[in-house]
Amino acid sequence: DIPRSSNVKLQIFNLDGQLVSVLINKAHNAGKFEMQWNGTDEKGLQVPSGIYICSMIADQYHKVIKLSLIK
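Calculation criteria
- Residues numbered from 1 in each chain as written.
- Predicted model: local features only at pLDDT ≥ 70, side-chain atom pairs only at ≥ 80, totals over all residues.
- Heavy atoms only, no water.
- Helix = DSSP H or I, 4+ residues; strand = E, 2+ residues; numbered from the N terminus.
- Contact = heavy atoms within 4.5 Å.
- Areas by Shrake-Rupley, 256 points an atom, 1.4 Å probe, with all protein chains shown as cover.
- Lys, Arg positive; Asp, Glu negative; His and termini not counted.
- Charge placed at Lys NZ, Arg CZ, Asp CG, Glu CD.
- Core = buried A, V, L, I, M, F, W, Y, C linked by side-chain atoms within 4.5 Å.
- Buried < 20%, exposed > 50% of the residue type's maximum accessible area, 1.4 Å probe, protein only.
- Pairing = 2+ DSSP bridges.
- Axes fitted to C-alpha atoms, helices over the stretch in contact; angles between N-to-C directions.
- Phe/Tyr/Trp six-rings, centres within 6.5 Å; stacked < 30°, edge-to-face > 60°.

Colleague: Would you explain the overall build of the chain in this entry?
Modeller: Secondary structure assignment for the chain yields zero helices and four strands. Ordering the α and β elements of the chain from the N terminus gives β-β-β-β. Long-range contacts, defined as pairs at least 24 residues apart, comprise 40% of the intrachain contacts of the chain with a sequence gap of at least 6. A total accessible area of about 5000 Å² is found for the chain, and carbon and sulfur atoms account for 50% of it. For the chain, the distance from the average site of its 8 positive side-chain charges to the average site of its 6 negative ones is 2 Å.

Right, here's the structure in full:
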């Protein structure tokens, strides 16, 4: 949910803090949107099952959630 039009950056990190994938990094209009991660890294390789961290930054809004990837 984006409160106003802004640049949105949605990233996936492993538990070591290493960047796994950037799902989006571009301007979006205000409103709700949905994004799915296919469990791959930046090279398109499948990552192992486990716990990952998703970070969303939009304007001054920053939210971090924990994800479980189960194959």
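Colleague: Whenever I open this one, the nonpolar core confuses me. Can you help?
Modeller: Generally speaking, soluble globular proteins have nonpolar side chains that are buried together. Judged by nonpolar contacts, the single largest core of 13 residues is most densely connected at Val8, Ile12, Val20, Trp37, Val47, Tyr52 and Met56. Mapped by element, the contributors of at least two residues to this core are strand E1 (6-13), strand E2 (19-28) and strand E3 (50-58). If sequence neighbours within four positions are ignored, Val20 has contacts with Ile12, Phe13, Asn14, Trp37, Thr40, Asp41, Glu42, Val47 and Tyr52.

Colleague: Explanation requested: the sheet that holds strand E4 (residues 61-69) in the structure shown.
Modeller: Two modes of strand pairing occur in sheets, parallel and antiparallel, and in both the strands are linked by backbone hydrogen bonds. With antiparallel pairing, four strands are arranged side by side in an open sheet as E2-E1-E3-E4. The outermost strands of the open sheet, each flanked by one partner alone, are E2 and E4. Taken over all neighbouring pairs, the strand axes of this sheet differ in orientation by 15° on average, direction set aside. Direction of pairing for E1 relative to E2: antiparallel, over a ladder of eight bridges. Bridge assignment links Ile12 to a residue of E2, and that residue is Ser21.

Colleague: Even after reading the chapter, I still don't get the packing of aromatic side chains, so can you show me in this structure?
Modeller: Two aromatic rings are characterised by how far apart their centres lie and by the angle between their planes. Taken as a whole, this structure holds one aromatic pair when the rule is applied. Pairing Trp37 with Tyr52 gives two aromatic rings, centres 5.2 Å apart and planes at 70°, and the pair type is edge-to-face. Here the residue Trp37 occupies a position in the loop between E2 and E3, and Tyr52 occupies one in strand E3, the gap between them amounting to 15 residues. Taken individually, Trp37 and Tyr52 each receive the classification buried, so the pair is uniform in this respect.

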